[in-house]
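The primary structure of each chain is shown beneath.
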Amino acid sequence: MERMQRDGITDVTVQPTHVINGIENDLMKEDVLAFSDSFSRITFGVPLLTSEQDSREVVKVLTDAFGGIPKDEALVFMGHGTPHYANAIYAALDYTFKDLGYHNLFMGTVEAYPSMESLLRFVRKQNPSCIHLAPFMIVAGDHARNDLAGDDADSWKSQFEQAGYPVLCHLKGLGEYEGIRQIFLRHISEAKSQSHDSVPADCCCFGTHHRSWNRQAAVTRLQGNDTQRITELSGNHHRMLNGVHYKHPSQQITCHLFILWLRVHQTACDTNDTGLT
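A brief report on the enclosed structure follows.

Definitions and cut-offs
Counting starts from 1 at the beginning of each chain's written sequence and moves along it residue by residue. In view of the model being predicted, local features appear only for residues whose pLDDT reaches at least 70, and side-chain atom pairs are presented and counted only at 80 or more, with totals across whole chains, interfaces and linings using the full set of residues. To get the side-chain values, take all heavy atoms of the structure and skip hydrogens and water. For two strands to be treated as a pair, DSSP must find no fewer than two bridges joining them. Secondary structure elements follow DSSP: runs of H or I no shorter than four residues count as helices, runs of E no shorter than two count as strands, and numbering proceeds from the N terminus. Axes here refer to lines fitted to C-alpha atoms; in helices the fit is confined to the stretch in contact. Angles between the N-to-C directions go from 0 to 180 degrees. In this analysis, two residues are considered to be in contact whenever any of their non-hydrogen atoms come within 4.5 Å of each other. Ring geometry is summarised as follows: Phe, Tyr and Trp rings, the Trp one being its six-membered ring, pair when their centres sit within 6.5 Å, and such pairs are stacked at plane angles under 30 degrees, edge-to-face over 60 and tilted between the two. Buried residues are those whose accessible area, probed at 1.4 Å on protein chains only, stays under 20% of the maximum for their type, while exposed residues exceed 50% and partly exposed ones sit between those limits. Placement of a charge over a ring requires the Lys NZ or Arg CZ to be within 6 Å of the ring centre, with the centre-to-atom vector within 35 degrees of the ring normal.

### Some points on the sheet that holds strand S3 (residues 74–79)
Then, in step 1: Spatial ordering of the open sheet is given by S4-S3-S5-S6, a layout of 4 strands whose pairing is parallel. Each end of this open sheet is capped by a strand with a single partner; those strands are strand S4 (105–109) and strand S6 (167–169). Ignoring which end each strand starts from, the neighbouring axes of this sheet average 25° apart.
Then, in step 2: Set on the sheet, helix H4 (residues 88–99) makes contact with S3 and S4; between it and S4 the angle comes to about 175°.
Then, in step 3: Against the sheet, helix H5 (residues 116–126) contacts S3, S4 and strand S5 (131–135), and its axis sits at roughly 165° relative to S4.

Now the structure itself:
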């Protein structure tokens, strides 16, 4: 952000590569908005699973990719999971699988619900002849290699084998699927379109909610469908619309920079999928 400021960039669009609107996405927005006084406008794209359209498109990408799996076999995806309330999207996606007729597809998480214990119960009811395991993470990193496909007794592969199922592992991250990348590109396009929307001056707006501010800078971040406001006293006027942060409404767009924001806490992103929730 500091380098963009030095380079004279005035308008920034940030596209996260997070899977859900969870903790990491909130922290990313806080990090970016700390520089809100340095740019004319900051726009945020949304994570992979944000709308019903996103969920249906993700299901199509995955079912197209794994379309050759027989109905008497099961395909189990491993998501990361989070204590954030946005974790509910994983169970919703599992329901979407079933609702669209894919009763042999299952969604679980490493660190939350649906858990491995739940998956064992769900899969047992189907009694598949074989189980396919695949990561539901942008990068097939540490969780995929160890928690999913590792030889330790507590890996998903070992637990399913202990339950009596033959297991095949498919270590391909979501980011390797062209259809998933297209969803992110759509989100960038939608964020760019939002950046051209007009907003009443000195107003912080989300949908039909309008709240005026008297010479305050209003920094607002979205959490799922809820809105939290962090208000900082300032002499500047700011405004936002659907994740678009405006400063100086009369200033024209001079440059757009698109960022694929990948927050990683440990080693290089090609070897670690931590923080992609």
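### A few points about the packing of aromatic side chains
Then, in step 1: Applying the stated rule across the entire model yields 5 aromatic pairs.
Then, in step 2: Considering the side-chain rings of Phe66 and Phe77, the 5.8 Å spacing of their centres and the 80° angle between planes classify their relative orientation as edge-to-face. With Phe66 in the loop between helix H3 (52–65) and S3 and Phe77 in strand S3, this pair connects stretches of sequence that are 11 residues apart. We note that Phe66, like Phe77, is buried.
Then, in step 3: Between Phe77 and Phe136 the ring centres are 6.3 Å apart and the planes differ by 75°, which places this aromatic pair in the edge-to-face class. With a gap of 59 residues between them, Phe77 in strand S3 and Phe136 in the loop between S5 and helix H6 (142–148) connect regions that are remote in the sequence.
Then, in step 4: Its relative accessible area of 1% is what places Phe136 among the buried residues.
Then, in step 5: Of the aromatic side chains, those joined through ring pairs into one cluster are Phe66, Phe77, Tyr90, Phe97 and Phe136.
Then, in step 6: Positioned over the ring face of Phe44 is Lys29, at 5.5 Å from the centre of the ring.

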